[in-house]
Every structure is written in C-alpha cells, then in structure tokens.
Amino acid sequence: VLELTEGDKVPPFEADTLANFRRGSDRENDMLSDLTRIGRHADPPFKVEDQQQRFELRDHKGRVAIVGKVDARLRFSREMSAPIEAKNWNQNTVSRIKTFDDLFLSRWTKTGAYQILCYLYGAGEPLGFLLLDRAGIPLLIPVQLEKHLDKVEAFLQKAEYVLDQIEAKELPDFTDDKDECGYCPFFGSVCQPP
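Residue positions within a chain follow its written sequence, with the count starting from 1. Since the coordinates come from a predicted model, pLDDT governs what is reported: local features require at least 70, and pairs of side-chain atoms require 80 or more to be given and counted, while whole-chain, interface and lining totals use all residues. No hydrogens and no water enter the side-chain calculation; it runs on all heavy atoms of the structure.

J.: Please set out the state of the cysteines residue by residue, giving values where relevant.
T.: Note on terminology: disulfide denotes any pair of cysteine sulfur atoms within 2.5 Å. Enumeration according to the criterion identifies zero disulfides in this entry. In this structure Cys181 is not part of a disulfide, and its nearest cysteine sulfur, from Cys191, lies 6.1 Å away. Note on exposure labels: buried denotes an accessible area under 20% of the residue type's maximum, exposed denotes more than 50%, and partly exposed covers the range between, all computed with a 1.4 Å probe on protein chains only. Residue classification places Cys181 among the buried positions, given a relative accessible area of 16%. For Cys184, which is in no disulfide, the shortest distance to another cysteine sulfur is to Cys191 and amounts to 6.1 Å.

Right under this line is the structure:
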C-alpha cells in the first residue's frame, strides 16, 4: 500500500545500486543475445522474440493489479512459444538454485518466481522459463504454472487486498515480522510500527 500511495517519499537509490541495476540489465540483454544464437542450433530450434513486452494482470474486480515487462518469448514453432524471464542475481544466491521451487526459499529470489508465474497466469500459458546468470553457462529453469497455481493465486489475492486498502483509504495492520520491517524502505520514516 505504501509503495503505491507514498512511493515518492522513498529515498532515491544510491549510485552503487543504480550501477548494479544497469549491470544486471546489460547482462540480461547479453544472455538473451546468446540465447538467440543458441536457438539456431538447438533441437528443436527456437527464436527469441517479443522482448520487453508490457504485461498487466487484472484482479477479479477487473482492476490492474500487477504490471511488468516480459523479457522475451521463446518461439519453437508457429503454434508454440513460452515467456522467459532473465535474472542476474548475486552469484552466491544463484549457486544454491537447482529447481524452480528453490526460488521460494529466499526473499531475494521469490519475487522473480512470482513474476514469471504472474505472466503465465495472466496469459493462461502452462509453461515458461527462468534464465539465471551464473558462472559458466546460464541456468534455464522450466516453470510449470499448474504446479504453482496455488502460489500465484495467493499472490494475486494479496495484490487485490492492497488495491482494496487503497480504495478504502486505509493502511493494513502492521506486520509481526520484524525482519520484513528491517528491509522495508518506509520503516522509520512513513511507517512507525510499535
């Protein structure tokens, strides 16, 4: 709620953080470029298409609840394509990831998991991919919507709750999770939990 109503009160990112964002974006572009070359010789071959397409997921009331950009689509044939989300996270974090379920074990990676699941859910697509940068060859992880349908539906319910709170001009109750507060950019400024 605070991100949508008080976002202008968050201090700007420091120069180092902005440089990391830029480096990550550049690396994601490099990985997609490499994937384009790999696709020509893969079996089955594929193309990388539709990069940075805007995405909106509406809630059950028809409101735009989640927005983003799909990094690209892998096109295997005229009838078959799948969205792909590329991430350049800390190498120590990525080294512990073997399966898609591993993404839900870290606060730093679960957002990427929900991101690709929202794309699949909103488009009604059963399969997508997460491309993770790591030392050596990037890791391509298949993502099945059906296996994680409960997680994405719970995530969308949280987004709907946020929109309901904003419409009612109310703030939700404080969280009991002190760790969550410690990472919140509003802690100690806009938000003063007991």
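Back to the write-up after that little detour.
J.: Which residues make up helix α2 (residues 15-41), and what values go with them?
T.: Numbering of helices and strands runs from the N terminus, with a helix taken as a DSSP run of H or I at least four residues long and a strand as a DSSP run of E at least two residues long. To estimate the expected span of a helix, count its residues, drop one, and scale the result by 1.5 Å. Taking 1.5 Å of rise per residue, 27 residues should cover 39 Å, and α2 covers 40 Å from first to last C-alpha, within 8% of that figure. Among all positions of α2, only Gly24, Glu28, Met31, Leu32, Leu35 and Gly39 are buried. Elements in contact with the buried residues of α2: β1 (47-49), β4 (72-75), β5 (81-87) and β6 (127-132). Whether two residues touch is decided by their heavy atoms; if any such pair falls within 4.5 Å, the residues are in contact.

J.: Any chance you could break down a negative patch on the surface for me, citing the residues and the numbers?
T.: Surface patches are defined over residues having more than 30% relative accessible area and no salt bridge, joining like charges when they lie within 9 Å and nonpolar side chains (Val, Leu, Ile, Met, Phe, Trp, Tyr) when within 5 Å. Here the open area of atoms and residues is found with the Shrake-Rupley method and a 1.4 Å probe, where only the protein chains shown may cover a residue. Within this document, salt bridges are pairs made up of a side-chain nitrogen of Lys or Arg and a carboxyl oxygen of Asp or Glu, the two lying within 4 Å of each other. In this tally Asp and Glu are treated as negative and Lys and Arg as positive; neither His nor the chain ends contributes. All charge positions are set by atom: Lys at NZ, Arg at CZ, Asp at CG, Glu at CD. Taken together, the side chains of Asp173, Asp176, Asp177 and Asp179 present a region of like negative charge at the surface. Tracing the backbone shows Asp177 in the loop between α5 (149-167) and α6 (178-183).

J.: Please set out the pattern of salt bridges residue by residue, giving values where relevant.
T.: Summed over the entire model, instances satisfying the criterion amount to 15 salt bridges. Measuring nitrogen to oxygen at the nearest pair gives 3.0 Å for the salt bridge that ties Asp133 to Arg27. Taken together, the residues Asp133 in the loop between β6 and β7 (139-144) and Arg27 in helix α2 connect sequence positions 106 residues apart. Note on Asp133: relative accessible area 7%, which makes it buried. Residue classification places Arg27 among the partly exposed positions, given a relative accessible area of 23%. Of the charged contacts in the structure, one is a salt bridge between Arg73 and Glu125, with a shortest N-O distance of 2.5 Å. Remark: Glu125 occurs in the loop between α4 (110-123) and β6 and Arg73 occurs in strand β4; sequence separation between them is 52 residues. Each member of the pair, Arg73 as well as Glu125, carries the same accessibility label: buried. The network of salt bridges with common partners includes Asp59, Lys61, Arg63, Asp164 and Glu167.

Nothing here speaks to function; it is geometry throughout.
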